[in-house]
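Overview (structure and organization)
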Amino acid sequence: MTSTVRWFRDLGMKDLEEVGGKNASLGEMVSNLAGLGVKVPDGFATTAAAYQSFIGTDVDGEGGLADRISALLRGLDTDDVRRLAEVGKQIRAAVVAQPFPEDLEADIREAYDQLVEESGEAASFAVRSSATAEDLPDASFAGQQETFLNVRGIDAVLTAIREVFASLYNDRAIAYRVHHGFDHEAVSLSAGVQRMVRSDLGASGVMFTMDTESGFTDAVFVTAAYGLGEGVVQGAVNPDEFYVYKPALRAGRPAVLKRGVGEKATKMVYTDPASYEEGTVGRTTAFVETDPAERRRLSLTDDEVEELARHALVIEDHYGRPMDIEWGKDGLDGAIYVLQARPETVQSRGGSLERFAMPKEARSGAEVLVEGRAIGQKIGAGAARVLSSVEQMHEFSAGEVLVADMTDPDWEPIMKRAAAIVTNRGGRTCHAAIIARELGIPAVVGTGSATKELTDGREVTVSCAEGDTGFVYEGKLDFTVERTELDEMPEVPVKIMMNVGTPDQAFAFSRLPHRGIGLARLEFIINRQIGIHPKALLDLERDPTSLDDALRSEIEELIAAYPGPREYFVQRVAEGVSMLAAAFAPHPVIVRMSDFKSNEYANLLAGRAYEPDEENPMIGYRGASRYLSDEFADCFAMECEALRHVRDDMGLTNVWVMIPFVRTVREAEGVVSLLAEHGLERGTNGLKVVMMCEIPSNAVIAEQFLQHFDGFSIGSNDMTQLTLGIDRDSSLVAAGFDERDPAVLHMLELAIRACREQGKYVGICGQGPSDHPDLAEWLLDQGIESMSLNPDTVVDTWLRLAKRSG
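Counting restarts for each chain: residues are numbered from 1 in the order of the written sequence. Restriction of local features to residues with pLDDT of at least 70 applies here, the model being predicted, together with a cutoff of 80 or more for giving and counting side-chain atom pairs; totals for whole chains, interfaces and linings are based on all residues. Here the side-chain values reflect all heavy atoms present in the structure, with hydrogen atoms and water set aside.

**Considering the overall build of the chain**
Going by this rule: Only DSSP runs of H or I covering at least 4 residues are called helices, and only runs of E covering at least 2 are called strands; the numbering of each starts at the N terminus. Every radius of gyration here is taken over C-alpha atoms, with the globule rule written as 2.2 Å times N^0.38, N being the number of residues. Any two residues whose heavy atoms approach within 4.5 Å are treated as being in contact. For every accessible area listed, the method is Shrake-Rupley and the probe measures 1.4 Å; residues are considered covered only by the protein chains on display. Note that His is not counted, nor are the chain ends; the positive residues are Lys and Arg, and the negative ones are Asp and Glu. Note on charges: their place is set at NZ of Lys, CZ of Arg, CG of Asp or CD of Glu.
Helix and strand counts for the chain come out as 31 helices and 30 strands. Scaling as 2.2 N^0.38, a compact globule of 806 residues should have a C-alpha radius of gyration of about 28 Å, and the chain matches this with 30 Å. If one aligns the C-alpha atoms of the chain with their principal axes, the spans along those axes are about 100 × 50 × 45 Å. The contacts in the chain between residues at least 6 apart in sequence include a share of 70% that link residues at least 24 apart. Accessible area for the chain stands at about 30600 Å²; split by element, carbon and sulfur atoms hold 46% of it. For the chain, the distance from the average site of its 79 positive side-chain charges to the average site of its 129 negative ones is 2 Å.

**Describing the packing of aromatic side chains**
The cut-off we apply is this: Only rings of Phe, Tyr and Trp enter the pairing, Trp through its six-membered ring, and a pair is recorded when the two centres are within 6.5 Å. The plane angle decides the type: under 30 degrees is stacked, over 60 is edge-to-face, the rest tilted. Only protein chains enter the calculation, and the probe is 1.4 Å; a residue is then buried if its accessible area is under 20% of its type maximum, exposed if over 50%, and partly exposed in between.
Applying the stated criterion across every chain yields a total of 15 aromatic pairs. Consider the rings of Phe54 and Phe100, whose centres lie 5.4 Å apart with planes at 50°: the pair is tilted. Placement of the pair is Phe54 in helix α2 (residues 48-56) and Phe100 in the loop between α4 (81-97) and α5 (102-119), with a sequence separation of 46 residues. For the pair shown, Phe54 and Phe100 are each scored as buried. Between the aromatic rings of Tyr112 and Phe125, the centroid separation amounts to 5.5 Å while the plane-to-plane angle is 70°, which identifies the pairing as edge-to-face. Linking Tyr112 in helix α5 with Phe125 in strand β3 (residues 125-131), this pair joins segments that are 13 residues apart in sequence. On the basis of relative accessible area, Phe125 is assigned to the buried category, the value being 0%.

**A word on the sheet that holds strand β13 (residues 336-343)**
Basically, it comes down to this: In this description, strands pair whenever DSSP reports at least two bridges between them. Whenever a helix is involved, its axis is fitted only over the stretch in contact; in every case the axis is a line through C-alpha atoms, and angles between N-to-C directions fall within 0 to 180 degrees.
Across the sheet, six strands lie side by side as β9-β8-β7-β6-β12-β13; this open sheet has antiparallel pairing. In this open sheet, the two strands that pair with only one neighbour each are β9 (256-260) and β13. Direction aside, the axes of adjacent strands within the sheet are offset by 15° on average. As judged from the six bridges shared by strand β7 (residues 219-226) and strand β8 (residues 240-245), these two strands associate in the antiparallel manner. Bridge pairing in β8 links Thr223 to Glu241. Contacting β6 (203-208), β7, β8, β9, β12 (323-329) and β13, helix α11 (residues 302-319) crosses the sheet at an angle of about 140° to β12.

**Section: the sheet that holds strand β20 (residues 459-463)**
One closed barrel accounts for seven strands, arranged β15-β19-β18-β17-β16-β20-β21; its pairing is mixed. Here the average twist between neighbouring strands, direction ignored, is 35°. Taken together, the five bridges between strand β15 (residues 368-375) and strand β21 (residues 469-474) define a ladder with antiparallel strand orientation. Paired with Gly372 across the two strands is Gly470, which belongs to β21. Sitting on the sheet, helix α14 (residues 431-439) is in contact with β15, β18 (420-423) and β19 (443-445), with an inclination near 75° to β15.

**Regarding helix α23 (residues 633-649)**
Where we set the bar: Expected span of a helix, by definition, is 1.5 Å for each gap between consecutive residues, and there is one gap fewer than residues.
Across its 17 residues, α23 extends 23 Å between first and last C-alpha, which sits within 8% of the 24 Å expected from 1.5 Å per residue. Immediately beyond the C-terminal end of α23, within one or two residues, lies Gly651, with a positive phi of roughly 85°.

**What to know about the side chain of Glu694**
To be explicit about the condition: The salt bridge criterion pairs a side-chain nitrogen of Lys or Arg with a carboxyl oxygen of Asp or Glu, the two atoms within 4 Å.
Relative to the elements of secondary structure, Glu694 occurs in the loop between β27 (689-693) and α25 (696-700). As a buried residue without a salt bridge, Glu694 has its nearest oppositely charged side chain in Arg622, at a separation of 4.3 Å. What Glu694 contacts, discounting residues up to four positions off in sequence, is Arg622, Pro660, Phe661, Gly715, Asp718, Met719 and Leu722.

**A few points about the state of the cysteines**
For clarity, the cut-off: Criterion for a disulfide: a pair of cysteine sulfur atoms at a distance within 2.5 Å.
A full pass over the atoms with the stated rule returns zero disulfides. For Cys430, which is in no disulfide, the shortest distance to another cysteine sulfur is to Cys464 and amounts to 12 Å.

**Re the nonpolar core**
In a soluble, globular protein the nonpolar side chains are often hidden away together inside. To keep things clear, this is the line we draw: Put simply, a nonpolar core is a bunch of buried Ala, Val, Leu, Ile, Met, Phe, Trp, Tyr and Cys residues held in one set by side-chain atoms that sit within 4.5 Å of each other.
Counting 155 residues, the largest nonpolar core has Ile315, Ile555, Ile659 and Met787 as the members making the most contacts within it. If we skip the residues at most four places from it in the chain, Ile555 touches Ile532, Ala536, Leu537, Leu540, Leu547 and Leu605. Counting residues in each nonpolar core, the second largest holds 46 residues, with Val127, Ala166, Tyr169 and Val193 among its members.

**A short note on the environment of Ala293**
Residue placement: Ala293 occurs in helix α10 (residues 292-296). The class of Ala293 is partly exposed, set by a relative accessible area of 27%. A sequence separation of 267 residues divides Ala293 from Ala560, and the C-alpha atoms of the two residues are 8.7 Å apart.

**A look at the packing of α4 against helix α6 (residues 154-166)**
Any two packed helices are characterised by how steeply their axes cross, that is the angle between the axes, and by the distance between the axes. The test is simple: Any angle from 65 to 115 degrees is called roughly perpendicular, while one under 35 is roughly parallel, one over 145 is roughly antiparallel, and all others are oblique. Two helices that cross are described as forming a left-handed crossing if the nearer one is turned anticlockwise from the farther one by less than a right angle, and a right-handed crossing if clockwise. Basically, the charged four are Asp, Glu, Lys and Arg, the nonpolar ten are Ala, Val, Leu, Ile, Met, Phe, Trp, Tyr, Cys and Pro, and anything else, Gly included, counts as polar.
Put simply, α4 and α6 touch, their axes get as near as 8 Å, and they point 150° apart. Here α4 lies roughly antiparallel to α6, going by the angle between them. For the pair α4 and α6, the sense of crossing is right-handed. On the side of α4, the interface is formed by Arg92, Val95 and Val96, while α6 contributes Arg162, Glu163, Phe165 and Ala166. Here the contact of α4 with α6 is built from residues that sort into four nonpolar, no polar and three charged.

**Overview of the side chain of Arg259**
What counts, and what does not: We call two N or O atoms a polar contact when they sit within 3.5 Å, provided that within protein one can donate a hydrogen and the other can accept it, with sequence-adjacent residues counted only if both atoms are side-chain atoms.
As for its position among the elements, Arg259 is in strand β9. On the basis of relative accessible area, Arg259 is assigned to the buried category, the value being 9%. Side chain to side chain, Arg259 and Glu575 meet in a polar contact 2.6 Å long. Discounting chain neighbours no more than four positions away, the residues touching Arg259 are Glu241, Phe242, Leu298, Asp302, Tyr562, Gln571, Arg572 and Glu575.

**Some words on the pairing of strand β24 (residues 517-521)**
Where burial is concerned, most of β24 is hidden: five out of the five residues are buried. Bridge count for strand β23 (residues 495-499) against β24 is two bridges, and the pairing is parallel. Bridge pairing in β24 places Met498 opposite Ile517. Where β24 and strand β25 (residues 589-592) come together, three bridges link them in parallel fashion. Counted as the bridge partner of Ala520 is Val591 from β25.

**Here we look at the confidence of the model for the chain**
The criterion, for reference: Per-residue confidence from the predictor is reported as pLDDT, a score between 0 and 100.
With 95% of its residues at a pLDDT of 70 or more, the chain shows a mean pLDDT of 91. Predicted confidence is poor over residues 134-142, with pLDDT under 50, and the contacts of this stretch with residues over four places away or in other chains come to 29 contacts.

**Focus: the environment of Tyr601**
Turning to its location among the elements, Tyr601 is positioned in helix α21 (residues 598-601). Assessed through its relative accessible area of 1%, Tyr601 is described here as buried. Spatially, the C-alpha atoms of Tyr601 and Pro612 are 9.8 Å apart, while their sequence positions differ by 11 residues. In terms of polar contacts, Tyr601 uses its side chain to reach the side chain of Ser594, at 3.3 Å.

**A look at α14**
Buried residues dominate α14, accounting for seven of its nine residues. Among the residues making up α14, those that are buried are His431, Ala432, Ala433, Ile435, Ala436, Arg437 and Glu438. Tucked into the core, α14 has its buried residues touching α7 (171-179), α8 (230-234), β15, α13 (412-415), β18 and β19.

**As for the packing of helix α20 (residues 565-584) against α23**
The interhelical angle for the contact between α20 and α23, taken along N-to-C directions, is 50°, at an axis separation of 8 Å. Classified by the interaxial angle, the pair formed by α20 and α23 is oblique. Our pair here, α20 against α23, has a crossing hand that is right-handed. Here α20 contributes Arg566, Phe569, Val570, Val573, Ala574, Val577 and Ser578 to the contact with α23, which in turn contributes Ala637, Met638, Glu639, Glu641, Ala642, Leu643, His645 and Val646. Across the contact of α20 with α23, the residue classes break down as 10 nonpolar, two polar and three charged.

**Observations regarding the pattern of salt bridges**
For side chains bearing opposite charge, pairing can occur when the charged atoms are close. Tallied over the full model, the rule gives 48 salt bridges. Close ionic contact of Lys14 with Asp15 constitutes a salt bridge, the shortest N to O distance being 3.3 Å. In the salt-bridge network here, residues are joined through shared partners; they are Asp211, Glu213, Glu241, Lys258, Arg373, Arg428, Arg437 and Asp468.

As structure tokens, this is what we get:
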């Protein structure tokens, strides 16, 4: 077009210095990816030359605006937040008051008229900033400059462009450039004017082509909420969350690993044009409450999530690196559009593995003050500082825990000095989350009540090292930090696997050295992700009136995002198992079918109505005998359906099935036959079915049990309990519980020898090898194939065994 205005369709990454990272990337996608199905609304960008002309124009005989800006910034101490705010305000006021050079204004008007002609008179526009140093591979300027939405009319567009130019001197942008060594005069600003997608009537959000917490690269992480995406980016909305498995997506298989229903209490929509004057900027959108029924539902279907993920793969493949992508679903035409794409700048920097952990004794008895979404996997502690406004930033001291309703880029000058960050609102892609990751500090977002529950000066510990949920504890608690260089791990003469039952930690745990999961407890998944007795769900599906009104309402509230009660159970189990299987692929993930005892099942919602009252549930209605009973048959069928979906539909054939507590050979034969009836036939599609060897009878006649299974996983806890006749839950006899007792070792020896003689798998999934180094060495001597350990003991046990064998 001209030296001052360029169309997106004529731009590419080669033009980064001319139109900045954001606009160059939009042009790159419009030019190269439209043929691959990626829809990007067109628009135009002002150039760096236009910006330099704008600030270089002498309008009052006192020299160009650029000279005055340089004088104000010279020697500025950006840690003095009051002086920073004062200087920033002066500069921004001067920029907004500066008129456009005549040729630049004429070019903008001409481009706008053409864009309106192409988009239709009813269209409105987004005016966004794009700094020429923005989104460099190792620096994130994202969100530092302003964005204006639903801008209508040329006068409003011109005003918005001046506001965007002025935002190059927001307090946070000034401070960021200083702290990262960017010369103020070396950074120019380009304004992008882009047709708005009517996501105010649809949905929008952010997606990353990797997991933002762990750096796991085989999943696309998608957030979504109703309305304009700015609500998600700002952290004003707690969005829905999805994970999509890239290999399954590429293979054309069902690929959604996880669905999480966000609160979505509000949504950002257009305001009525009649409520503001022509040329207005900044009051053209507003937050409104989301309908309660919409809040309980997911804002996207699986098909839409997978379509988004396919776009993400196309974009990632084109750029050759992990990407951070904003998207919108148009509520009028139903199409999904990509609005921005930039390099992911935190996890992609990588590094060694740093493990934060809080000993159980430190947590024991500690009061949890608030909880929310964990950002990062670190722990921080300090005095809480509750701020209700960015105007209070001067009250904040380095090393305190910043507590706020939510943050935006104006808070950044003090965020870098915080020990941790806690907010009422926000999800994993909100501003506070993005900046916390970049700064490498823990944050707990979306707590709902942190500013009420926490008070100034109160010592707290912020833990993000316990999975998806982050906790804010009373007081300064002890914690440890260990750094491991994973590329320096030595060889060991045994497969070290992990015991993992929490899918939300799967991606993080997969960064540890491992050979798969030796024990994935299905009951953990049922307890955490379902929480309802399976028979209650089945009864609700068959005859809703069979449940009392209060219980029925409570269950219907929990399952509202899913098609029905049965689908809720099957899909939630499948989500948990597939997260584990995807994280550890291609290594085996051995999933033990549910092993709740009756007293544990009774603790699920509605459980007491369906469970017997047993004197000794530890050796009662559990394991294989429960699966084979008529009373539990339909429940077991749902577990099998979930695993069959993960293996056969999603293609995660690294999932093995493990059967617990098999008392007799007849039970062994019966349960393997039952699995086959439900589509989990041993040997079909590579399925391995192993048995928990945890009852003395399993070891005494191991050869007979092995006729029906592909191997044993030794459960040393139950084997010790039942061999020695010790109730492991009784403190009265706990001192006698020892896996190294000669009688227990004899049982283990029988089991291992039988497996080795038949060439079948044999591993151990109890805690014994971690607690007792001598037991681990004895198992090595016996020829054990694998040891499955709790994640916090993997590295230490690995190094100890390597040293012993070396």
